[in-house]
Amino acid sequence: MEKIALTKKKQTKEDVLRQSLLKERGQIPAHVAIIMDGNGRWAKKQGRMRIQGHKAGVDSVRDTIEACAQLGVSHLTLYAFSTENWRRPKSEISALMKLLIQTLRKETLNLNKNDLKLHAIGELDRLPPVCLKELHEGIEMTRDNQRMVITLALSYSGRWDINNAVRDIGEKILNGKISLDDINDETIHAHLATHDMPDPDLLIRTGGDFRISNFLLWQCAYTEFFITQKFWPEFRRSDIYEAIETYQTRERRFGMISEQLYKKEKEKAAASV
Ligand code: FPP
């Protein structure tokens, strides 16, 4: 596979080593979701304006995308703007939208060159038209790319997503397309904005808060959480490695007991011989 080059940084020896150790262990999460928090606090700590924190956060986005793609993560979902973020001061909202437009303009070609596919979920019609146009162009340009899907959650909230799914399912029942008995986990999954991706294996939150903030509420039922005190602009690939290392130590039982998991693994290993 082609080397990925999204940032201008050369891969260090330590980088290569940590990546190969993570890959050797074999359990790279297929879907990593991130609540990128702490931009404002980072800026305040430096005596700078909040928007400077958001701007610095773009470097963390780039480094994270590159590291995840190198590791073989297939889906990366970034919580870039929540439904509740519309309540922020107008000046911050417009500065954030401007930053998003600039970043999309600057990075889309680069994403495309690196075989990365751009995707977005949320109430996108609420975004300023220029922003929506850039987003659609980026999505269209990268639609056939295979390496990793980068989903921007924009004007997104988990409750918005569930509301929509319930409404769509209700409408189908009223129209006789499905019956009440058809409602199960799969039907609900199929009506969520994330219907075309696996549930997140790993959710990373920066900024130290222990909450889900209306992110992927349904989808995170069995997701492993990694919370770091670091603010988002301080987050780098080494933090991704640490998050995945921690993830690899977790025993994901999905409600079962350890012995059942070992038995399953043994059966799988025997079947592959
Ligand atoms: C939360 O920090 C962050 C956001 C609401 C915006 C995230 C945006 C970026 C990282 C930059 C652009 C992103 C892309 C995908 C191009 P906060 O403002 O809530 O920080 P605080 O908790 O310290 O106030």
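Residues numbered from 1 in each chain as written. Predicted model: local features only at pLDDT ≥ 70, side-chain atom pairs only at ≥ 80, totals over all residues. Heavy atoms only, no water.

Engineer: Explanation requested: the pattern of salt bridges in the structure shown.
Structural biologist: The final tally for this structure, using the stated rule, is 22 salt bridges. Measuring nitrogen to oxygen at the nearest pair gives 3.2 Å for the salt bridge that ties Glu 140 to Arg 143. Note on Glu 140: relative accessible area 48%, which makes it partly exposed. Residue classification places Arg 143 among the partly exposed positions, given a relative accessible area of 48%. (Salt bridge = Lys/Arg side-chain N within 4 Å of Asp/Glu carboxyl O. Buried < 20%, exposed > 50% of the residue type's maximum accessible area, 1.4 Å probe, protein only.)

Engineer: So what exactly am I meant to see when it comes to the layout of surface pockets here?
Structural biologist: To find leftover empty space, one rolls a probe the size of a water molecule over the atoms. Size it by volume and the largest pocket reaches roughly 900 Å³. Lining the largest pocket are 39 residues, and of these Met 36, Asn 39, Tyr 79, Ala 80 and Phe 81 lie nearest its centre. Examining the composition of the lining of the largest pocket, we find that 8 residues originate from one element, helix 4 (residues 90–113), more than from any other. For the lining of the largest pocket, the residue count by class is 20 nonpolar, 9 polar and 10 charged. The calculated volume of the second largest pocket comes to roughly 470 Å³. In this structure, the second largest pocket is lined by 14 residues; those nearest its centre are Gln 27, Arg 252, Phe 254, Leu 261 and Glu 265. Those elements that place two or more of their residues in the lining of the second largest pocket are helix 8 (237–249) and helix 9 (258–272). Counting residues per element, the lining of the second largest pocket draws most heavily on helix 9, at 5 residues. Split by residue class, the lining of the second largest pocket holds 6 nonpolar, 2 polar and 6 charged. (1 Å grid on protein atoms, 1.4 Å probe; cavity = no way out; pocket = protein on both sides within 12 Å on 5 of 7 lines; lining within 4 Å. Points joined across faces, edges and corners; volume = space filled by probe spheres on them. Helix = DSSP H or I, 4+ residues; strand = E, 2+ residues; numbered from the N terminus. Nonpolar A, V, L, I, M, F, W, Y, C, P; charged D, E, K, R; others polar.)

Engineer: Looking at this structure, I do not really get the site of the ligand. What am I missing?
Structural biologist: The immediate surroundings of the ligand are formed by 18 residues, with Asp 37, Gly 40, Arg 41, Arg 50 and Arg 88 found nearest. Take Asn 39: an N or O atom from its main chain is 3.1 Å from an oxygen atom of the ligand. Contact between the ligand and Arg 50: an oxygen atom at 2.8 Å from a side-chain N or O atom of the residue. Surface burial for the ligand is 90%, taken as the share of its 620 Å² of free accessible area covered by protein chains. Among the detected pockets, the ligand sits in the largest pocket. Only helix 2 (39–45), helix 3 (50–71) and helix 4 provide two or more residues apiece to the shell around the ligand. With 4 residues, helix 4 is the single largest residue contributor to the shell around the ligand. (Near = heavy atom within 4 Å. Polar contact = N/O pair within 3.5 Å; in protein donor to acceptor, adjacent residues only side chain to side chain. Areas by Shrake-Rupley, 256 points an atom, 1.4 Å probe, with all protein chains shown as cover. Sits in = over half its atoms within 2 Å of the grid points.)

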